[in-house]
Amino acid sequence: MSKKGSGGAVKNPGAEPTLGIDPFQDTLRRLREAFKSGRTRSAEFRAAQLQGLGRFLQENKQLLQDALAQDLHKSAFEADVSEIITTQNEVDYALKNLQAWMKDEPGSTNLFMKLDSVFIRKEPFGLVLIIAPWNYPVNLVLVPLVGALAAGNCVVLKPSEISQGTEKVLAEVLPQYLDQSCFAVVLGGPQETGQLLEHKFNYIFFTGSPRVGKIVMTAAAKHLTPVTLELGGKNPCYVDDNCDPQTVANRVAWFRYFNAGQTCVAPDYVLCSPEMQERLLPALQSTITRFYGDDPQSSPNLGRIINQKQFQRLRALLGCGHVAIGGQSDESDRYIAPTVLVDVQETEPVMQEEIFGPILPIVNVRSVDEAIEFINRREKPLALYAFSNSSQVVNQMLERTSSGGFAGNDGFLYVSLLSVPLGGVGHSGMGRYHGKFTFDTFSHHRTCLLAPSGLEKLKEIRYPPYTDWNQQLLRWGMGPKSCTLL
Amino acid sequence: MEREVQRVRQAFLSGRSRSLRFRLQQLEALRRMVQEREKDILAAIAADLCKSEFNAYSQEVITVLGEIDFMLENLPEWVTAKPVKKNLLTMLDEAYIQPQPLGVVLIIGAWNYPFVLTIQPLIGAIAAGNAVIIKPSELSENTAKIVAKLLPQYLDQDLYIVINGGVEETTELLKQRFDHVFYTGNTAVGKIVMEAAAKHLTPVTLELGGKSPCYVDKDCDLDIVCRRITWGKYMNCGQTCIAPDYILCEASLQSQIVWKIKETVKEFYGENIKESPDYDRIINLRHFKRILSLLEGQKIAFGGETDEATRYIAPTVLTDVDPKTKVMQEEIFGPILPIVPVKNVDEAIDFINEREKPLALYVFSHNHKLIKRMIDETSSGGVTGNDVIMHFMLNSLPFGGVGSSGMGAYHGKHSFDTFSHQRPCLLKSLKREGANKLRYPPNSQSKVDWGKFFLLKRFNKEKFGLLLLTFLGIVAAVLVKKHQAVLRRKALLIFLVVHRLRWSSKQR
């Protein structure tokens, strides 16, 4: 359902003097009224929106690739595999399953209620807000959108102002493919987002840092708005002595340096023994050379840091420990070489904050137990990785730690599975999505019981006055043993 | 306070709450506690709410026992990892979702059903393998005391503790860090709880309230309807979060409804309601006075008698109620039933939608289309059609609110899910590294196409794909075992190319 027009995005209020005028009020009111009118409820409408989104991806593939290249120096391969294809996949999956997802889910009844009709109705929440980050600016804004639309909500998108190229495409082109009475893109920085969050939404979906996650949840609390927070953390990567260093190096390096390390589920640091480290370093060097050549800066396959602020932050981290591999940087290009650091102390900055860059520190531990202890002393991460030939070691890691997700002997491949939810725990987030989980996230599951209007005799037993006989019967009938049937 | 929480956290970190055997043991112990000390528990509840022991049993203890039994039966299945569907890229790997405990859970109970509203969430938290701190409501003092006394006698004393206290203690408690906070109570405090939880990024479940509307259509059997409404409204003296708060109906039905409810009240509680052992009392003086103030300026069709000394308020019905008056501005939580006349079902739906989403919605009609319309065009935590309260009773269905009536849900498996982290796990082997070449740089367009091929889930749907898949699996296994790396890769690639070409041509 494409519409001609200005694009439907609220212009950056910083461009005009606002003097206390709320720039979002009209847009939000319009969307709320549209929701009240019931327009978004029908399967046809939702499917049309999803189809529009699909067409947006297909018809603007080059535009999106260019924007991603501009923002993050993302290669066409990375752009396709991690953003465009993944989102297209989600759109197709939602279209295929929409009817099934929307159906009332029948519930099982107990002995007393066999004659009732019982089901769970999936309802849209209403007006939902999706706040997206800059590292996968297409994927992380559109995949939640797929679920929000499929669930029948009206949606406000707030893409990151940091990934400017993509922000422009989303603000100017995307609305043309969707019904703009039920969908809007709003723009702005931290100040405008703060203003936006003062409004009441029926659901807020936020992807970003834990620090801002707290701000979002606090703002949501004022309106009792439920939230999903996809945050981050330091994802540990344990490498056992019992493994092939080259294979491990290939896999770890690929997931670490993908998108120049700016991935919330990337392995953040390695835990291994000093002996393993000796074997791993040359393997990593070999992998990096193979992937990016002798001069990684000239490789088209390596991304760049999103902006100066992040670049400066990362460059400062290069001073931690010792540089074993890489360590070069170029400010004019926002380039940081694929780097491995050793002799890193737990107290140094590189081990205190989520790195979010192409730097891989190695911390030495003497055993699996020490690694597990190390991990459990810290905040629960979004992802946890363990590499070992021994499935016992991998299982130990899994059972004795907690994290959003876990992968043995590989990186974040599991995010490509639509059947598997992506979400954090503790400081790495709350809630989850992807595939049907997104639809469920944006739906209220309403329990409905329809009793027969007659057959009152059966209900008599529950009414007072409660004579002795009555009491005995109820105690027996509803008693514990019968309760197993209940 | 901090020390207590630390102690519980240390207990959780010891790992002993995690094994299935331990969880079942604790649940069985809880069951024994409820059965062996039934008298004490019933006496406490009865004392708090001036209700008969039978009412306390049928309203609270039965539900608790039912929930424990349901957990004991199903927990072994729930704790197991659930395999998930894989794509071509992960077809040779193990992929599943493993439920894990969250850690230390805080449960804040309410006073209206002080036992079940504290213990039912506790059951779920234990079942999910967590350590729990329980903060019963201080308004239901006797139940709070008995829970604090009994729990340590039956359950692990370091993993499950009770902290009693008022607003001050609760505020202190909320400053601590938990892995989940479960709160049952009112909307205003719900916001405070969520805000406190936000500081630690702690997920919350909030079971709040609201004004649950009850629409009575003219096409219904009023006798039956009024009996059901009377039962649900005056149970626990109206102090039920899912009680029908007010009635919406056409003006012509009012007098009939009033008459029938009056008759039913007489039938249920006798001529002298005060003497009926089955009619309960208001929890305390503050609420008594609050509810009384709701009667000001209202047309009392029947009822309205009160006795401050015993905190007794008679079952009361108000007619022709003005939506702007106080009784329609807050959740009544008392035995007062306002009737707000509306012209028709359209007006009723508009009326409901103009207000906050309630915890429950009730609609009485023979006309199924009308009921369906009510459900379709409104929103609420849950719905019961042609009855009240009952959707709460099914522990196979989620019980929770939406909007200002709450977030999250529980009961049965939904409790287990609420208090668990469902952790996705993908286990690969370090072998078959050759297959990964596809994703490693340097990249090319052909690699993109391959990437697309592997990411899309096709092999479930096409029969030949399945066959080829088996082939691939066997070939891969055989080659890995027997042949050299080069040969292995080549053979795999040939098969994949063939399949890929056939797949691509199918695309066009």
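Residues numbered from 1 in each chain as written. Chains lettered and ligands numbered in written order. Predicted model: local features only at pLDDT ≥ 70, side-chain atom pairs only at ≥ 80, totals over all residues. Heavy atoms only, no water.

Adjacent strands of a sheet pair through backbone hydrogen bonds, lying either parallel or antiparallel. Strands sit in the order E10(A)-E13(A)-E14(A)-E9(A)-E8(A)-E15(A)-E16(A)-E18(B)-E2(B)-E1(B) across an open sheet of ten strands; the sheet is mixed. Strand pairing shows two members of the sheet lacking a second neighbour, strand E10 (322-325) of chain A together with strand E1 (82-83) of chain B, which therefore form its edges. Pairing of E10(A) with strand E13 (residues 339-342) of chain A, which is carried by three bridges, proceeds in the antiparallel orientation. For Ile325(A), the partnering residue across the bridge sits in E13(A) and is Val340(A). (Pairing = 2+ DSSP bridges. Helix = DSSP H or I, 4+ residues; strand = E, 2+ residues; numbered from the N terminus.)

Turning to the environment of Arg279(A), a few remarks are in order. Residue and element names in this part refer to chain A. Inspection of the secondary structure assignment puts Arg279 in helix H10 (residues 274-292). For the pair formed by Arg279 and Val81, sequence separation is 198 residues and the distance between their alpha carbons is 31 Å. Not counting residues up to four positions away in its chain, the partners in contact with Arg279 are Asp241, Cys243 and Pro245. Engagement of the side chain of Arg279 in a polar contact is seen with the backbone oxygen of Cys243, the distance being 3.4 Å. (Contact = heavy atoms within 4.5 Å. Polar contact = N/O pair within 3.5 Å; in protein donor to acceptor, adjacent residues only side chain to side chain.)

Residue and element names in this part refer to chain B. In spatial order, the strands read E5-E4-E3-E6-E7-E17; together these six strands make up an open sheet with mixed pairing. Because the sheet does not close on itself, it has two edges, and the strands there are strand E5 (160-162) and strand E17 (406-407). Here five bridges tie strand E3 (residues 104-108) to strand E4 (residues 131-135), and the two strands are oriented parallel to one another. Looking at E4, one finds that Val104 is bridged to Ala131. Of the strands in this sheet, strand E6 (180-184), strand E7 (204-207) and E17 touch helix H8 (residues 187-198), which is tilted by about 180° from E7. (Axes fitted to C-alpha atoms, helices over the stretch in contact; angles between N-to-C directions.)

A separate point is the packing of helix H2 (residues 20-36) of chain B against helix H4 (residues 53-78) of chain B. All names here are of chain B. For the pair H2 and H4, interaxial distance at closest approach is 10 Å and the crossing angle is 160°. Between H2 and H4, the interaxial angle falls into the category roughly antiparallel. Note on packing geometry: the crossing formed by H2 with H4 is left-handed. Along the contact surface, H2 presents Leu20, Arg23, Leu24, Leu27, Glu28, Leu30, Arg31, Val34 and Gln35, while H4 presents Val61, Val64, Leu65, Ile68, Asp69, Met71, Leu72, Leu75 and Pro76. (Parallel < 35°, antiparallel > 145°, perpendicular 65-115°, else oblique. Left-handed = near helix turned anticlockwise from the far one by under 90°.)

With that settled, the discussion passes to empty space enclosed by the protein. Applying the stated criterion across every chain yields a total of nine cavities of 30 Å³ or more. Of the voids in this model, the largest cavity is the one considered here, and its volume is about 70 Å³. What lines the largest cavity is Phe125(A), Lys200(A), Phe201(A), Asn202(A), His223(A), Leu224(A), Thr225(A), Pro226(A), Lys357(B), Val402(B), Gly403(B) and Ser404(B). Broken down by class, the residue content of the lining of the largest cavity amounts to five nonpolar, five polar and two charged. (1 Å grid on protein atoms, 1.4 Å probe; cavity = no way out; pocket = protein on both sides within 12 Å on 5 of 7 lines; lining within 4 Å. Points joined across faces, edges and corners; volume = space filled by probe spheres on them. Nonpolar A, V, L, I, M, F, W, Y, C, P; charged D, E, K, R; others polar.)

The subject of this paragraph is the pattern of salt bridges. Pairs may arise between side chains of opposite charge once their charged atoms sit close together. Scanning all chains against the criterion turns up 52 salt bridges over all chains. Taking the shortest distance from any N to any O, the salt bridge between Arg400(A) and Asp369(A) comes out at 2.9 Å. Placement of the pair is Arg400(A) in helix H13 (residues 391-400) and Asp369(A) in helix H12 (residues 368-376), with a sequence separation of 31 residues. Among the salt bridges present, the one from Asp69(B) reaches Arg31(B), with a minimum N-O distance of 2.7 Å. With a gap of 38 residues between them, Asp69(B) in helix H4 and Arg31(B) in helix H2 connect regions that are remote in the sequence. (Salt bridge = Lys/Arg side-chain N within 4 Å of Asp/Glu carboxyl O.)

Attention shifts here to the environment of Arg251(A). As for its position among the elements, Arg251(A) is in helix H9 (residues 245-257). Looking at Arg251(A), the relative accessible area reads 0%, which means it is buried. Taking the C-alpha atoms as reference points, Arg251(A) and Ser181(A), separated by 70 residues in sequence, lie 46 Å from one another. Among residues more than four places away in sequence, those in contact with Arg251(A) are Phe387(A), Asn409(A), Asp410(A), Lys428(B), Ser429(B), Leu430(B), Lys431(B), Arg432(B), Glu433(B), Asn436(B), Arg439(B) and Tyr440(B). (Buried < 20%, exposed > 50% of the residue type's maximum accessible area, 1.4 Å probe, protein only.)

A word on unusual backbone geometry. Residue and element names in this part refer to chain A. Note the cis peptide between Pro464 and Pro465, where omega equals 0°. By the secondary structure assignment, Pro465 is in the loop between helix H15 (456-459) and helix H16 (468-477). With a phi close to 55°, Asn259 is a non-glycine residue in the positive phi region. Phi angles above zero are rare outside glycine, and Phe356 is one such case at about 55°. Here Phe356 shows up in the loop between E13 and strand E14 (359-364). Phe356 gets classed as buried once you look at its relative accessible area, which sits at 17%.

Mapped onto the elements of the fold, Lys357(B) is located in the loop between helix H12 (345-353) and strand E15 (360-364). Among buried Asp, Glu, Lys and Arg side chains, Lys357(B) stands out as unpaired, with Glu123(A) the closest opposite charge at 6.5 Å. In this structure the side chain of Lys357(B) is engaged in a polar contact, spanning 2.8 Å, whose partner is the backbone oxygen of Phe125(A). Not counting chain neighbours up to four residues away, the residues in contact with Lys357(B) comprise Phe125(A), Asn202(A), Ser379(B), Val402(B), Gly403(B), Ser404(B) and Ser405(B). (Lys, Arg positive; Asp, Glu negative; His and termini not counted.)

We now examine the nonpolar core. Within the largest apolar cluster, 193 residues are counted, with the highest numbers of intra-cluster contacts made by Leu122(B), Val216(B), Ile247(B), Ile257(B) and Ile261(B). With 13 residues, H4(B) is the single largest residue contributor to this core. With residues up to four places along the chain from it excluded, the contact list for Val216(B) reads Leu222(B), Val225(B), Ile229(B), Ile247(B), Leu248(B), Cys249(B), Leu253(B), Ile257(B) and Phe364(B). In this structure, Ala43(A), Leu149(A), Phe356(A) and Tyr414(A) belong to the second largest nonpolar core, which totals 108 residues. (Core = buried A, V, L, I, M, F, W, Y, C linked by side-chain atoms within 4.5 Å.)

So, on to the pairing of strand E9 (residues 246-249) of chain B. Residue and element names in this part refer to chain B. Because side chains alternate across E9, one face comprises the buried residues Tyr246 and Leu248, and the other comprises Ile247 and Cys249, equally buried. As paired strands, strand E8 (residues 213-216) and E9 are joined by four bridges and run parallel to one another. Looking at E9, one finds that Pro213 is bridged to Tyr246. The parallel pair E8 and E9 is bridged by helix H9 (residues 222-234), and the resulting crossover is right-handed. Across three bridges, the pairing between E9 and strand E14 (residues 336-341) is parallel. (Right-handed = clockwise from strand over helix to strand, strands pointing away.)

Glancing now at the packing of helix H2 (residues 43-59) of chain A against helix H4 (residues 76-102) of chain A. Residue and element names in this part refer to chain A. Where H2 meets H4, the axes come as close as 10 Å, and the angle between the chain directions of the two elements is 165°. Compared by their axis directions, H2 and H4 come out roughly antiparallel. Judged by the twist between their axes, the crossing of H2 over H4 is left-handed. Taken together, the residues of H4 that come into contact with H2 (itself represented by Ala43, Arg46, Ala47, Leu50, Gln51, Leu53, Gly54, Leu57 and Gln58) are Ile84, Thr87, Gln88, Val91, Ala94, Leu95, Leu98, Gln99 and Met102.

Contact residues are listed per partner, giving 111 residues for chain A and 107 residues for chain B. For the chain A and chain B pair, buried surface summed over both sides reaches about 9100 Å², with 59% attributable to carbon and sulfur atoms. When the area that chain A buries against chain B is broken down by residue, the three leading residues are Leu224(A), Arg446(A) and Thr447(A), summing to 8%. Where chain A touches chain B, the interface holds seven salt bridges. Between Asp179(B) and Lys380(A) there is a salt bridge whose closest N-O contact spans 3.9 Å. Across the contact surface, chain A and chain B share 38 residue pairs in polar contact (both at pLDDT 80 or more). (Buried area = accessible area lost by both parts, 1.4 Å probe.)

Bringing the confidence of the model for chain B into the picture now. Residue and element names in this part refer to chain B. For chain B, the mean per-residue pLDDT works out to 91, and 89% of the residues sit at or above 70. Below pLDDT 50 for its whole length, residues 457-461 participates in 13 contacts with residues either more than four positions away or in separate chains. With pTM at 0.91, the complex prediction returns an ipTM value of 0.92. (pLDDT = per-residue confidence, 0-100.)

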